[in-house]
Protein chains: 2
Amino acid sequence: MDSQAILQVFLSGEFLPSNKASLHISDLAIQRGFGVFDFFKVEKQTPLFLDDYLERFYTSASLMYLPVPYQKEELKQIIEKLISLNNLDVSGVKMILTGGYSENGFDPAAPNLLIQQQPLTLPSADKVAKGISIITYEYLRDLPEVKSINYTTGIRLLHHMRERKAEEVLYYINGIVTEFPRCNFFIVTDNNTLVTPSRNILKGITRKNVLALAAKKYKVETRDITLNEVMQAKEAFLTSSTKRILPIVQVDGNLIGAGTPGPVTLELLQNLFALEEKVVAEVVR
Amino acid sequence: MDSQAILQVFLSGEFLPSNKASLHISDLAIQRGFGVFDFFKVEKQTPLFLDDYLERFYTSASLMYLPVPYQKEELKQIIEKLISLNNLDVSGVKMILTGGYSENGFDPAAPNLLIQQQPLTLPSADKVAKGISIITYEYLRDLPEVKSINYTTGIRLLHHMRERKAEEVLYYINGIVTEFPRCNFFIVTDNNTLVTPSRNILKGITRKNVLALAAKKYKVETRDITLNEVMQAKEAFLTSSTKRILPIVQVDGNLIGAGTPGPVTLELLQNLFALEEKVVAEVVR
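Residues numbered from 1 in each chain as written. Chains lettered and ligands numbered in written order. Predicted model: local features only at pLDDT ≥ 70, side-chain atom pairs only at ≥ 80, totals over all residues. Heavy atoms only, no water.

> An account of the relation of the copies chain A and chain B is needed here, citing residue identities and associated values.
Turning chain A through 180° and shifting it by 0.0 Å along the axis lays it on chain B, with an RMSD of 0.0 Å. Both copies are brought into coincidence by an operation consistent with a two-fold rotation axis. For chain A, the residue whose C-alpha comes nearest the rotation axis is Gly33 of chain A, separated from it by 1.9 Å. Same-surface contact between copies: 100% of interface residues of chain A are shared with the interface of chain B. (Least-squares fit on C-alpha atoms with pLDDT ≥ 70 in both. Contact = heavy atoms within 4.5 Å.)

Here is the structure:
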């Protein structure tokens, strides 16, 4: 497909060019920021770990009392058709389910479902080789187990991050770290144990995959991690669908380990690459 | 104006019929629930306490790093024109400023400003005479001083409220009550002191007016109120632009005072009516 061509989106039951896709101002996302979403990666026309993402999407919707207007199998067919229409190489698919066209601007109506696909730029080899600096911020998301569209705090903090030359902000509450606005957090302890927070987080699909990969070789723990423990960690990294695994080398100005990406982190990233390739190969075959 | 006619809205620099008003799906309200708003009442073509509302709107926008695309005087003229086009009797005007059409679905762009006007139904005399039942819920809004569009929790709680036959939900944090999703909270103590929370709230314009009216006759305090103090209150009420003053007669199933609207509450409501009439009369004259 011509890279300049306009991508198709799926909105309110039909496929249409993305530049024609809009929601009426009465939609509850516009009126009240009310909606849920999910996002997965597509490689070689293959959605990666789609069942996991769909399950989480339906759970988020259910916890917000928003009925998804399609059964899972129908939704899969819509996604398949969208991927085939757009014919992109590496991309991300985002499903947004809003509170619908509300009559009074407050009460939810029949939800609007939007599915978009966009080309995806994965982190550069250079970024992986250098690792990133992060800052911390005390904040707990509303309903952390729901992937809601509410990023009021995450987006407002872009300014704080950039002022401090940080690339991500790690939330904590009462001294216990939780998650990033869009990623999960891991540390590697002195005795090579992988640890990731267990509560007040959105449970990432990449987090789940990394836990499984790590468990083959290392001890893994899902439990509370204090800010102090973060500073003492031998390695630290984040996980997300788009970023896979990114080494963290500095937290609030303190170096993590030697201040360079650690061997366990880089090994797990290789394992994750291999897992993704295997999944794509199995489906494509 | 014919009540069936389609109202005009102001969006992205132009007036258009509300049924034609939409935002492209890349808007950050749709993608990330990112935006601020404000809302004021219009009677006899007169916006009530407009300067207060505009000041709060600009403050909210500034705290979210969203530049309002108009100076206050220009915005007033746009509002005036909208009111004149729609020619409604009693109405509410809502201004929404979103994070704009974001290229990557996360970074804010030039904000979109939407101004809508809608007919307003004020609380019935019967509701005022009977008072309302409320429930409480532990929650603290992100940035309470900002009127953000994020109502994730407020809207999700509609289900809990309705199950418990309550009409509003009062937030508290660590045993200290704060505000409703869309209203402020007051109690009247045994010695006829008016008390309203001082922190972790959006400071309502009606709250401000009621404080000034009450101070003419009663002792007023802005300070922390515990949940326990609420249950012991002689009277309780909420304030909002659309609801003015509504008596609260039951909290979490406990009667407040005699379980009927109290004399101080009803007196203040009369004073507020009188104030609004005076303001309208002064402008219309």
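> Now, about the sheet that holds strand β5 (residues 46-47) of chain A: what can you tell me, with residues and values included?
All names here are of chain A. Within the open sheet, the 6 strands sit side by side as β2-β1-β7-β6-β4-β5. Their pairing is antiparallel. Across the chains shown, the open sheet's two edge strands, defined by having one partner strand only, are β2 (14-17) and β5. Relative to β2, strand β1 (residues 8-11) runs antiparallel, the two sharing 4 bridges. The residue of β2 that forms the bridge with Leu11 is Glu14. Together, β1, β2, β4 (35-43), β5, β6 (90-98) and β7 (113-119) form the strand contacts of helix α3 (residues 72-86), whose direction differs from that of β7 by roughly 35°. (Pairing = 2+ DSSP bridges. Helix = DSSP H or I, 4+ residues; strand = E, 2+ residues; numbered from the N terminus. Axes fitted to C-alpha atoms, helices over the stretch in contact; angles between N-to-C directions.)

> Explain α3 of chain A residue by residue, including any values.
With 15 residues, α3 of chain A extends 21 Å between its outermost C-alpha atoms, agreeing within 8% with the 21 Å of an ideal straight helix rising 1.5 Å per residue. Of the residues flanking the end of α3 of chain A, it is Asn87 of chain A, one or two places downstream, whose phi is positive at about 50°. (Expected span 1.5 Å × (residues − 1).)

> Can you lay out unusual backbone geometry for me, pointing to particular residues and giving the numbers?
Look at Lys44 of chain B: it is not a glycine, yet its phi comes out positive at around 45°. For Lys44 of chain B, the location among the structural elements is in the loop between β4 (35-43) and β5 (46-47).

Geometric descriptors of this kind do not, in isolation, establish any biological role.
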